[in-house]
Amino acid sequence: MIEIRHLSKTFASPEGEVNALHDINLTIPDGDVYGIIGMSGAGKSTLVRCINMLEKPTGGTVMVDGRDMGALSPAELRKARRDITMIFQQFNLLMQRTCLQNVCFPMELSGVKKAAARKRAMELLELVGLPDKAGAYPAQLSGGQQQRVAIARALATDPKVLLCDEATSALDPSTTAQILSLIRDINAKLGITVVVITHQMSVVKEICRHVAILDRGTVAEEGLVSAVFAAPRSQAGRRLVFPGRVDEKVIDPARRGQLRLVFRDSATTSIPLVARMARERGILASVISATTQPLGGETYGGMLLSIPHEQMAEARAFLGSIANLTAEEVSDHV
Amino acid sequence: MYNGLISADSVAQALQCLKTEIPFAIWETFYVTVISTALAVLVGLPLGVLLVAGEKGGVLPLPGWLMKALNVVINLLRSIPFLILMIMVFPLSRLLIGTTVGTTATIVPLVAAAFPFIARLVESSLREVDPNIVEAAQSMGATPLQIITRVMLPESVPSLLHNVTIALTTILGYSAMSGIIGGGGLGQIAINYGYYRYKYLVMLLAVVLLILLVQFFQTVGTKLAVRSDKRLKH
């Protein structure tokens, strides 16, 4: 279990101190696939680096399996890092070593005998589906293949936690799907806790059980992926789940307001809401944006309506009578 | 100066020289260059590593004053003109080799001139190593020494070979200069014949041979560097 308590990190910069992380509190259960999502600059990468102390937190604690990572000596920390391995956006393989030698590398560092290391590395290359690339150099591989080698390398020391720092951000959609399914398999087969840092909603939806939304160095909200994505409570959450800002020109805020609807099951999603509002109540709603998405076996929908101010109260009353639907007024154009 | 450069007389002299003195001179230049470069790498490589690893935020941060001192000393040695440096290290040559003249004695000023240069070249090679790869090694629990010996140096081998080749050809040029203080080799032939005895054809011949040696070193060095680089798809 990873327990992050009151974690903060400030960087000194020429313009003064920058608060990269502020009072972060997260609990990541064993065996979970935990997503940390946020826009660039939200502090995701700093947060994940605080877990293995590549970044020293300015305040707060990070406990991994009951061990205070910040209190370890340099030697203890190096040993602890064998249990908390990491994969990266740019794969970060050693370019002058073959794939097999890359996978052997962490075992070499910890003093595993060469023959044993090679045997284990071959097994791992098999696990990630690249046994035939053992003798190839990273430059001869595609991005997806390089990430597979990096995953094999990260598994070489039998870690308990795998940190994925934007591991699929440099890959195309179909390769991303393959890497994600590999990570999911590894989580299921080996029971390794996976922490996924990403700015892509699709990644979280695809593999994560829990998610935390990070916004300007704080946790905006967290919980089960299905719950958070179905009805994001925070502004940052809404920005991520319902991307795209409303153009100021689309509606005249003096005359019309905006209503955000979230449908929580397919029965609700299939109600012809806008038509019924018009026919039954004479409300002239117009659709600004609408999406549906599958989440955990259910279909969720989101819709942004613009409604004349004088009809807003009636619209809310009508929508409030429908089960599994939440409606809230949006005033800040987010 | 070049009037009557080619005459029956001068050609005969040049041919004579080519047969008698030049083969050994080529060997002297070759061996002084290679030995001096090897020794200079021996000193310069660790210093170059320290310049990168020891800085603030490096893998093995050293005290600031030490880094400053190191930088100052390297810059200082690099700013002394080689001609002067050769004379300044006479006492050191006498101490180490027992003499200040002769081919072997010139190894001392050559190493003294080349190791700070090599330290800077090594520094630039190591700075090319992707910091993300270093971070990856740190995330795997590598010690600073492991990062230096198993990541930074192996990853920069192609660049190091390129830079050592540059150093080698520079040292070759310096070794020719040491002909002035009694060092042997092609430089001595060029100076003795060309400058002191006005036998310009022999001087030109020595210069051409120096050029060929530089070409040889550069070609071999570039080939080795390219061949060693696994980032290129062969």
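Every value quoted in this text rests on a predicted model; they were computed, and no experiment measured them.

Caption draft 1: Layout of the overall build of chain A. On a plain count of helices and strands, chain A comes out with 12 helices and 14 strands. Per-residue burial for chain A yields a buried fraction of 51% across its 334 residues. Expressed as a percentage of contacts within chain A between residues at least 6 apart in sequence, the contacts between residues at least 24 apart total 69%. Once the 38 positive and 35 negative side-chain charges of chain A are each reduced to a mean point, those two points are 5 Å apart.

Caption draft 2: Structural context of unusual backbone geometry. Residues and elements named next belong to chain A. At Met 53, a residue that is not glycine, the phi angle is positive and equals roughly 65 degrees. You can call Met 53 buried: its relative accessible area is 4%. The phi angle at Glu 166 is positive, at roughly 50 degrees, despite the residue not being glycine. Turning to its location among the elements, Glu 166 is positioned in the loop between strand 7 (161–165) and helix 6 (173–190).

Caption draft 3: Quick peek at helix 11 (residues 200–228) of chain B. All names here are of chain B. With 29 residues, helix 11 should reach 42 Å at 1.5 Å per residue; the first-to-last C-alpha distance of 42 Å fits that figure. Regarding helix 11, the residues found buried are Tyr 200, Leu 201, Val 202, Met 203, Ala 206, Leu 209, Leu 210, Leu 213, Phe 217, Gly 221, Ala 225 and Ser 228. For helix 11, the elements touching its buried residues are helix 1 (8–20), helix 2 (22–53), helix 9 (157–177) and helix 10 (186–196).

Caption draft 4: Quick look at the sheet that holds strand 8 (residues 193–198) of chain A. Residue and element names in this part refer to chain A. An order of 6-7-8-3-9-10 is seen for the six strands of this open sheet, with the pairing classed as mixed. The open sheet is flanked by strand 6 (84–87) and strand 10 (218–224), the only strands paired with a single partner. Along the sheet, successive strands turn relative to each other by an average axial angle of 15 degrees, direction set aside. In this structure, strand 7 lies alongside strand 8, joined through five bridges in parallel fashion. Bridging from a neighbouring strand, Val 161 pairs with Thr 193 of strand 8. The sheet strands contacting helix 5 (residues 143–155) are strand 6 and strand 7, and the helix crosses strand 6 at an angle near 175 degrees.

Caption draft 5: Geometry of the layout of surface pockets. Size it by volume and the largest pocket reaches roughly 830 Å³. Along the walls of the largest pocket sit 30 residues, with Gly 57, Gly 58, Val 59, Val 134 and Gln 138 of chain B positioned nearest its centre. Within the residue set of the lining of the largest pocket, elements represented by two or more residues are helix 2 (74–80) of chain A together with helix 2, helix 6 (107–127), helix 7 (131–139) and helix 8 (144–155) of chain B. The residue makeup of the lining of the largest pocket, split by class, is 16 nonpolar, six polar and eight charged. Taken together, Arg 97, Gln 101, Cys 104, Met 107, Glu 108, Val 112, Lys 114, Ala 117 and Arg 118 of chain A make up the lining of the second largest pocket. If you tally residues by element for the lining of the second largest pocket, the top one is helix 3 (residues 99–109) of chain A, at four residues.

Caption draft 6: Fine view of the pairing of strand 9 (residues 210–215) of chain A. All names here are of chain A. Across the six residues that make up strand 9, a large majority, five, are buried. In this sheet, strand 9 lies alongside strand 3 (residues 33–37) in parallel orientation, the contact comprising four bridges. Across the sheet, the residue bridging to Ile 36 is Ala 212, located in strand 9. Both strand 9 and strand 10 contribute to a ladder of six bridges, which runs antiparallel. Within the sheet, the bridge partner assigned to Ala 212 lies in strand 10 and is Glu 222. Between strand 9 and strand 10, which pair antiparallel in sequence order, lie two residues; one of them, Arg 216, sits at a positive phi of approximately 45 degrees.

Caption draft 7: Quick peek at the packing of aromatic side chains. Residue and element names in this part refer to chain B. Taken as a whole and assessed by the stated rule, the structure comprises five aromatic pairs over all chains. Consider the rings of Phe 82 and Tyr 174, whose centres lie 4.5 Å apart with planes at 5 degrees: the pair is stacked. Pair noted here: Phe 82 is in helix 4 (residues 82–88) and Tyr 174 is in helix 9, with a separation of 92 residues, a long-range link. Relative to Phe 217, the ring of Phe 216 has its centre 5.7 Å away and its plane inclined at 55 degrees; by these criteria the two rings are tilted. Exposure remark for Phe 216: the relative accessible area of 44% places this residue in the partly exposed category.

Caption draft 8: Representation of the packing of helix 11 (residues 273–281) of chain A against helix 12 (residues 309–320) of chain A. All names here are of chain A. Two elements in contact, helix 11 and helix 12, have axes whose closest approach is 11 Å; the angle formed by their N-to-C orientations is 120 degrees. When the axis of helix 11 is compared with that of helix 12, the two are oblique. Crossing of helix 11 over helix 12 shows right-handed handedness. Between helix 11 and helix 12, the residues in contact are Leu 273, Arg 276, Met 277, Glu 280 and Arg 281 and Glu 314, Ala 315, Phe 318 and Leu 319, respectively. Looking at side-chain class alone, the contact of helix 11 with helix 12 contains five nonpolar, no polar and four charged residues.

Caption draft 9: Up close: the interface of chain A and chain B. Each partner contributes residues to the interface: chain A has 23 residues there, and chain B has 23 residues. When the two sides are added together, the surface that chain A and chain B hide from each other amounts to roughly 2,200 Å², 58% of it contributed by carbon and sulfur. If you sort the residues of chain A by the area they bury against chain B, Arg 78, Gln 96 and Leu 109 of chain A come out on top, with a joint share of 31%. Connecting chain A to chain B are two salt bridges. Salt-bridge contacts for Arg 150 of chain B lead to Glu 108 of chain A; the nearest nitrogen and oxygen are separated by 2.7 Å. There are nine residue pairs in polar contact (both at pLDDT 80 or more) connecting chain A and chain B. Going through the elements one at a time, strand 6 and helix 3 of chain A are the ones with two or more residues in the side of chain A that touches chain B. By residue number, the principal contributor to the side of chain A that touches chain B is helix 3 of chain A, which donates four residues. Its residues assigned to classes, the side of chain A that touches chain B shows 12 nonpolar, four polar and seven charged.

Caption draft 10: Molecular detail of the nonpolar core. Membership of the largest hydrophobic core comes to 79 residues, with the highest contact counts inside it found for Ile 4, Leu 47 and Met 69 of chain A. No other element matches helix 6 of chain B, which puts 14 residues into this core. Setting aside anything within four residues of it in sequence, one finds Leu 47 of chain A in contact with Ile 4, Leu 7, Leu 21, Ile 24, Leu 26, Ile 36 and Leu 214 of chain A. Membership of the second largest hydrophobic core comes to 51 residues, among which are Ile 37, Leu 141, Met 201 and Leu 240 of chain A.

Caption draft 11: Quick look at the pattern of salt bridges. Applying the stated rule across the entire model yields 20 salt bridges over all chains. One salt bridge in this structure joins Arg 49 of chain A and Glu 135 of chain B, with 2.5 Å as the shortest N-O distance. A residue pair is termed interchain when its members come from two chains, as with Arg 49 of chain A in helix 1 (residues 44–51) and Glu 135 of chain B in helix 7. Relative accessible area serves as the criterion here: at 14%, Glu 135 of chain B is assigned to the buried category. Two residues, Arg 97 of chain A and Glu 108 of chain A, come together in a salt bridge whose shortest N-O distance is 2.8 Å. In this pair, Arg 97 of chain A is assigned in the loop between strand 6 and helix 3 and Glu 108 of chain A in helix 3, connecting sequence segments 11 residues apart.

How each quantity is defined
- Residue indices follow the written sequence of each chain, beginning from 1 at its first position.
- Numbering of ligands from 1 and lettering of chains from A proceed in the order in which they are written.
- Thresholds applied to this predicted model are a pLDDT of at least 70 for local features of residues and 80 or more for the giving and counting of side-chain atom pairs; totals over whole chains, interfaces and linings are not thresholded and use all residues.
- Working from all heavy atoms in the structure, the side-chain values ignore hydrogens and water.
- Helix and strand assignments come from DSSP, with helices taken as H or I runs of at least 4 residues and strands as E runs of at least 2, each series counted from the N terminus.
- Accessibility here uses a 1.4 Å probe with only protein chains present; expressed as a share of the type maximum, an area under 20% marks a residue as buried, one over 50% as exposed, and anything in between as partly exposed.
- The contact definition used throughout considers only heavy atoms, calling two residues in contact when any of these lie within 4.5 Å.
- Positive residues here are Lys and Arg, negative ones are Asp and Glu, while His and the chain termini are left out of the count.
- Charge placement uses NZ in Lys and CZ in Arg. For Asp and Glu, CG and CD serve respectively.
- One less than the residue count of a helix, multiplied by 1.5 Å, gives the span that helix is expected to have.
- Strands were regarded as paired on the criterion that DSSP finds at least two bridges between them.
- Note on geometry: axes are lines fitted to C-alpha atoms, helical ones only across the stretch in contact, with angles between N-to-C directions running from 0 to 180 degrees.
- Two kinds of site are reported from a 1 Å grid over the protein atoms alone, namely cavities, where a 1.4 Å probe fits but cannot get out, and pockets, open sets with protein on both sides within 12 Å along at least five of seven lines, and residues are called lining when an atom falls within 4 Å of a point.
- Grid points are joined across faces, edges and corners, and a volume is the space filled by probe spheres set on the points.
- All amino acids are sorted into three groups, where Ala, Val, Leu, Ile, Met, Phe, Trp, Tyr, Cys and Pro are nonpolar, Asp, Glu, Lys and Arg are charged, and the leftover types, Gly among them, are polar.
- Pairing of aromatic side chains requires ring centres within 6.5 Å, counting the rings of Phe and Tyr and the six-membered ring of Trp. Pairs whose planes differ by under 30 degrees are stacked, by over 60 edge-to-face, and all others tilted.
- To sort the angles, those under 35 degrees are grouped as roughly parallel, those over 145 as roughly antiparallel, those from 65 to 115 as roughly perpendicular, and the leftovers as oblique.
- Handedness of a crossing follows from how the near helix is turned relative to the far one, being left-handed for an anticlockwise turn of less than a right angle and right-handed for a clockwise one.
- Simply put, the buried area is the total loss of 1.4 Å probe accessible area from both parts when two parts are fitted together.
- Between Lys or Arg on one side and Asp or Glu on the other, a salt bridge is scored when a side-chain nitrogen of the former is within 4 Å of a carboxyl oxygen of the latter.
- N or O atoms closer than or at 3.5 Å make up a polar contact, with two conditions inside protein: a donor-capable atom paired with an acceptor-capable one, and, for residues adjacent in sequence, both atoms drawn from side chains.
- For the purposes of this section, nonpolar cores are sets of buried Ala, Val, Leu, Ile, Met, Phe, Trp, Tyr and Cys residues that join through side-chain atoms within 4.5 Å.

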